[in-house]
Each structure stands twice: as structure tokens, then as C-alpha cells.
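What the coordinates show
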Amino acid sequence: MSIKAAVHEKLDALSASNSFVERLLRDEHLQPVSQTVAYEVPPADYPGSGAAAPPANVMDVHLTLGLDKGGDTSSVKIVMGVINQRRPQKPGNTILVAVCPANKDRYDEVAEMLSEHLEQVRQLVREGVVVGGVRRAVRLFLSGDYEALCTVHGHKGPSATMPCLNCLSTRAPSSAHADLDTLYGTLQDVDRPTPSHPRPASHLVRMVAAGAPGASPGQRISDLSQAGHRSIDRPPLFMPALHD
Amino acid sequence: MPIPLHLLLGITLRLLRLAVEIVISCRGSNDGQTFAYELAETLRRVVRVRPAPYHGGVFIGRDCHTIAQGCDAICRNLLGLTPEYHHQADRRLWLLWGMLGRTLNRAAEVDAGEVRQFRSGARSFVRLMKRSFPWVSVSPKLHILLHHAPAFLERFGSVGLYGEQAVESWHGFFNQNAAKYTAETAVGSCANLIRAMAVAR
């Protein structure tokens, strides 16, 4: 199935029935920020994911890409959600993208399942979507259980030295990684105000290159230290909007 | 990257396990085992929830809210087994968790006052847990609750709207309607479901 076509179809239907609901971001005072600027497609040579994190005043559409393993006959399901509507969590309001029998969110299986859809998702994020004659940015959110999210990020999982997908905090103080504990802080330090080192998107880009077959010796994931791979041991399958 | 449903499931389970750990730390493992059975009985008979086999043997999201509402019954089990300050800390944790779980999983926009309350509640919850029960290790889920869920809520005005409930619901749908999509192989059955849903859309 075509995710792009299904999303456009869904948005057209919402727009035609006046059911499209704006989802405004909030400023530092928690007040909604008006969306006044139409989205412009970045030039073809623009690096990275481009539109994944547009400014708050750019008109946008919020999409979720959910991935989870479950059910009596265990299967991995991929679901696209459109948040700009009433009751976006109702299954009938979502797009079932793929179902595949599987017992675990295994990296290779998920990579294969996602491979035929991710290019379309990248196009959606890059090109945006037209709703009511106005081009809007696509703000994409990954969702699912922690195991599935780790799989998509190529991350080692919740027991890794750097277990958080959002920041570089280490799991617990250890003599082996004392320098990283000092630099990034640990999960156990609950008194610090907020983690000061979010995971940068540029690191995920580096890890994609490091996981490519042509990566030069010394630059491959297996050659990198903890500070280099930051608990990512497979090339990320998709790069969501992260901080940079 | 909000995972409100899995935070709800994981942290509710952590709180139930914490109650058993408190008894073990005060009275040893034999009493801890007895308490664990009593706790399971309380959950079944008083709170009226039970683990769902189709949900990996853990409680479903709705039951997690019910457990937080029924925390009085759970905390009463600790009376006489642990020092009063442990009992009070556990009770306070359940009350905070009940409030946080509601905000976290509501698929609606949250007003600014509740957003601020969520951040301060999450901070109080994790700090109280760590200070009152020093053996507790802050897991990635507790870390998300403490730092990243409040930040997401402040930026997007809701966590529940962006959650993973929809994909979980599809598991339920496929379970209930599996007979309609049977095929010779599991892959064929999945393909039948996808086809039927694409046509229905």
C-alpha cells in the first residue's frame, strides 16, 4: 500500500468534512503559537531530514508512525496516525500500514518491513502535504513500546550504558564510564534540573554512515568506543526529529 | 517520542513490585512472598483487576488506572508489616501516580495549569521514590517520566494524543477478528487483514 496516498486521502477527507483539527505548539509560557507561515519544500540538496522539526509558526500536520509487536498470534504492526482530528487514537481513524508475523521486534525483520515504506515517509516529511490548498510541514513522531523504538533507532536497548533514546545520560555511575557519567550525568541523579545533552540528529546520521558496507576501517560501528557509538550498535532505520 | 501507555503499564507494575520489596527489606523474603500472594488477592477481590493473558500477562491500561484509584486497599496491606514512614511514602507515590497517569494518557489537550502540575508531580514522584527507597534504580521509563514527558507535554500540549494506544488497539482488533482473515499461512492471514482494511478505508 502507499502510505503517501493514504495520508493524502485521509487529510483530504478531514479537510472536506471540516474535521481537520489544528494542533498548535506551545511557547515557553505554555501559550499556543499561531501558525501563520506556509511550509516551503527545502531544496533537493538540503541536508538531513529537512522538515522534521519546522519552527512552531509554520503550518503543519502531526503524524505518528507506530510500531509494536503483540497479539495472540504474535505479529509486528506498523500504523500511521493523523493527530489533526478528533479521536486520533481510534483504530478506524488510523492507517494500518503493515502486519507481519513475528515473535520479537527483531532488527532485520523490522528493517525489511519498513524498507518499502520509509522512502515514502521521508518524502512526506520532506515535501509536506497540501491541506485546503495550503502546503503544511509534516511533523513526524515515532511511537511504540521501548523495544520497538530501540529497534528503529538501532539502539542496544534499555539495559545499555546510554539507555535513553532522547538524551545521552548514562544508566548508573560506573568506573568504566566515569568520564561519560561526569559529562552527561546518570539516570540515577534525580536532582539535576534537566538532562543537558539531548541526542543530536547528526549522530544518527553518522551512525547510518558507520553502518554502511563501505564505511572505512576505524569508522565502523564495531570500531567505535562507547563515547562514539553511544549505545547505538546498528544503523538507525529512520531519523525522527531530534535536536541538533 | 512519547510512550504514555507503556509508561503507565511499566510504572504501575514497578509500584506493585516496590510494595513487595518494601516488605522483603523490612521482614525478609518469606514474609515478602506471603505479602505478594495477599497483594495479588487484594487486586483480584478488592480492586477487581487481573492480568490479561493476551497482554503479555500484565494489566491492561484501564486496569492500571483502576489500581491507582484503589491504592488505599493496596497500601492497607502494608500496615503493620513496615514502618509508618514507608507506608506513608508508598501511599503518597500511588496518589501522585494516579494524578500523573491521568494526565499522561488522556488523548486530549491539557491546559497550562495541569502541564505545570504534571512537571512538579513527576519530579516529586521520582525523587520521593529514590529517596524513600534507595535501592530503586531509575529505569529509562522513570527517567522519561521525570524529564522527557514533561518537556513533550509543555511543547505539544498533550502526550496521550501522540501515544501508542492505536497500534495496541490493532492487536486487539486482529485477535478478535482473526477468523475473518484466515489463510493457509500466518503471512497470508496478515495480508488478508491489510487488504480488508485498505478496502474499508
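Because the structure is a prediction, the values reported are computed rather than measured. (Residues numbered from 1 in each chain as written. Chains lettered and ligands numbered in written order. Predicted model: local features only at pLDDT ≥ 70, side-chain atom pairs only at ≥ 80, totals over all residues.)

Let us look at the domain arrangement of chain B. For chain B, the assigned domains are domain 1 (4-162) and domain 2 (165-200). A separation of 33 Å is found between the C-alpha centroids of domain 1 of chain B and domain 2 of chain B. (Domains from an automatic or database assignment.)

Attention now goes to the interface of chain A and chain B. Taken together, the contact between chain A and chain B spans 46 residues of the former and 46 residues of the latter. Where the side of chain A that touches chain B is concerned, the elements lending two or more residues are strand 1 (60-70), strand 2 (75-82), strand 3 (94-101), strand 5 (134-144) and helix 3 (146-153) of chain A. Sort the elements by how many residues they give to the side of chain A that touches chain B and strand 3 of chain A lands first, with six residues. When the residues that make up the side of chain A that touches chain B are grouped by side-chain class, the tally is 26 nonpolar, 15 polar and five charged. (Contact = placed C-beta atoms within 7 Å. Helix = DSSP H or I, 4+ residues; strand = E, 2+ residues; numbered from the N terminus. Nonpolar A, V, L, I, M, F, W, Y, C, P; charged D, E, K, R; others polar.)

To continue, consider the nonpolar core. The biggest cluster of nonpolar side chains holds 103 residues, and the ones touching the most others in it are Val7 and Val79 of chain A together with Trp97 and Leu145 of chain B. The element contributing the most residues to this core is helix 1 (residues 4-27) of chain B, with ten residues. Excluding residues within four positions of it along the chain, valine 79 of chain A makes contact with Gly66, Thr94, Ile95, Leu96 and Val97 of chain A together with Ala166, Val167 and Trp170 of chain B. (Core = buried A, V, L, I, M, F, W, Y, C linked by C-beta atoms within 7 Å. Buried ≥ 20, exposed ≤ 12 C-beta atoms within 10 Å, placed from the backbone.)

Taken as a whole, helix 7 (residues 140-156) of chain B carries its principal kink of about 40° at histidine 148 of chain B; the proline proline 150 of chain B stands between one and four residues after it. Burial within helix 7 of chain B is extensive, with 14 of its 17 residues counted as buried. (Bend = angle between axes of the 7 residues up to and from the residue.)

Now for the pairing of strand 5 of chain A. Regular strands have side chains that alternate between both faces of the sheet. All names here are of chain A. In terms of residue burial, strand 5 counts as a mostly covered element, since nine of its eleven residues are buried. The sheet contact formed by strand 1 and strand 5 spans eight bridges and is parallel. Residue pairing in the sheet places aspartate 60 in a bridge with alanine 137 of strand 5. The sheet contact formed by strand 4 (residues 129-131) and strand 5 spans three bridges and is antiparallel. By the bridge assignment, valine 131 is partnered in strand 5 with valine 134. The loop that links strand 4 with its antiparallel partner strand 5 comprises two residues; one of these, glycine 132, has a positive phi angle of about 60°. (Pairing = 2+ DSSP bridges.)

Mean pLDDT for chain B: 92, with 99% of residues reaching 70 or above. Here the predicted complex scores 0.92 on pTM and 0.92 on ipTM. (pLDDT = per-residue confidence, 0-100.)

Here asparagine 18 of chain A, not a glycine, exhibits a phi torsion of approximately 55°, which is positive. Residue placement: asparagine 18 of chain A occurs in the loop between helix 1 (3-16) and strand 1. For asparagine 18 of chain A, a count of 8 C-beta atoms within 10 Å corresponds to the exposed category. For arginine 48 of chain B, which is not a glycine, the phi torsion comes out positive at approximately 65°. Following the sequence through the fold, arginine 48 of chain B ends up in the loop between helix 2 (29-47) and helix 3 (61-69).

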